[in-house]
Amino acid sequence: MTDFSSPKFNRRAFLATSASVLAAPALAQSIDGSEQDGQTVRRNASSFRALDWQPYFDNLRNGAILVDITSRALHYWDESQSTYKLYPTSVPLSEDLTRRGRTKVVVKDPEPDWRPTPAMKVRNPDWPDYMPPGPDNPLGIRALHLTWAYYRIHGTHDTRKIGRRSSNGCIGLYNEHITELYDLAKVGTQVLLI
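Being a predicted model, the structure only gives us computed values, none of them experimental. (Residues numbered from 1 in each chain as written. Predicted model: local features only at pLDDT ≥ 70, side-chain atom pairs only at ≥ 80, totals over all residues. Heavy atoms only, no water.)

1. Notes on the packing of aromatic side chains
- Taken as a whole and assessed by the stated rule, the structure comprises four aromatic pairs.
- Judged by centre distance (5.4 Å) and plane angle (40°), the ring pair of Trp77 and Tyr84 falls under tilted.
- Arranged with centres 5.7 Å apart and planes meeting at 85°, the rings of Trp148 and Tyr151 form a pair that is edge-to-face. Per residue, the accessibility class of Trp148 equals that of Tyr151, and both read buried.
- Over the face of the ring belonging to Tyr182 we find Lys108, whose NZ or CZ atom lies 4.6 Å from the ring centre. (Phe/Tyr/Trp six-rings, centres within 6.5 Å; stacked < 30°, edge-to-face > 60°. Buried < 20%, exposed > 50% of the residue type's maximum accessible area, 1.4 Å probe, protein only. Lys NZ or Arg CZ within 6 Å of the ring centre and 35° of its normal.)

Quick look at the structure:
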């Protein structure tokens, strides 16, 4: 038991100890990366920041979605420039699964069902061939289909994936965020993945 009346434990010692304990989370956040499976994992909290649309799009006709793979962030601007949203995302697990460039929303799926792609079945033969719509579906509760085959911006039931390289090519959002984005975006919304 600590004796707080002891001359060795005074207000100055208490404050110094408290400051070092309170600083521990800040020190942990300043670390640039950690080892995971022999690879350095980049932490990117400082790169999650608001952006302006002009460097990426000529106009905001039908709205615009920018997905920054490095920052693991999705930016949305509406056509009137009155709404801007910034969401954390999951991104593809590796560079060979990552697609970059311009596309657009071609289908808004209010109840996505899921079928793994042929390449996903090769990598994960134990996965089911089909999952019906529902909150446990890997595509979550809403999906925006892009012009690229098999690529979606969708929700996820596994919230641990957000902020990580964890998908098989798609961009994942928390279910509450994809619901909001689904209501804002429309068929024809331009999309750029960088």
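2. Observations concerning the sheet that holds strand β7 (residues 101–109)
- Taken in spatial order, the eight strands line up as β5-β4-β3-β12-β7-β8-β9-β11 in an open sheet, and their pairing is mixed. Both edges of this open sheet fall to β5 (84–88) and β11 (171–174), since each of them pairs with a single strand only. Strand-to-strand twist of the sheet, defined as the mean angle between neighbouring strand axes without regard to direction, takes the value 30°.
- With three bridges joining them, strand β8 (residues 143–146) and strand β9 (residues 152–156) adopt antiparallel strand pairing. Bridging from a neighbouring strand, His145 pairs with Arg152 of β9.
- Set on the sheet, helix α3 (residues 175–184) makes contact with β3 (64–68), β4 (73–77), β5, β7, β8, β9 and β11; between it and β11 the angle comes to about 105°. (Pairing = 2+ DSSP bridges. Helix = DSSP H or I, 4+ residues; strand = E, 2+ residues; numbered from the N terminus. Axes fitted to C-alpha atoms, helices over the stretch in contact; angles between N-to-C directions. Contact = heavy atoms within 4.5 Å.)

3. Some thoughts on the side chain of Gln190
- Inspection of the secondary structure assignment puts Gln190 in strand β12 (residues 190–193).
- At 3.4 Å, the side chain of Gln190 forms a polar contact with the backbone oxygen of Arg61. (Polar contact = N/O pair within 3.5 Å; in protein donor to acceptor, adjacent residues only side chain to side chain.)

4. Points about the environment of Tyr130
- The topology assignment puts Tyr130 in the loop between α2 (118–123) and β8.
- Classification of Tyr130 as partly exposed rests on a relative accessible area of 37%.
- A C-alpha to C-alpha distance of 5.7 Å links Tyr130 and Trp114, two positions 16 residues apart in sequence.
- With residues up to four places along the chain from it excluded, the contact list for Tyr130 reads Asp113, Trp114 and Arg115.
- Here the side chain of Tyr130 touches Asp113 through a polar contact of 3.3 Å, side chain to side chain.

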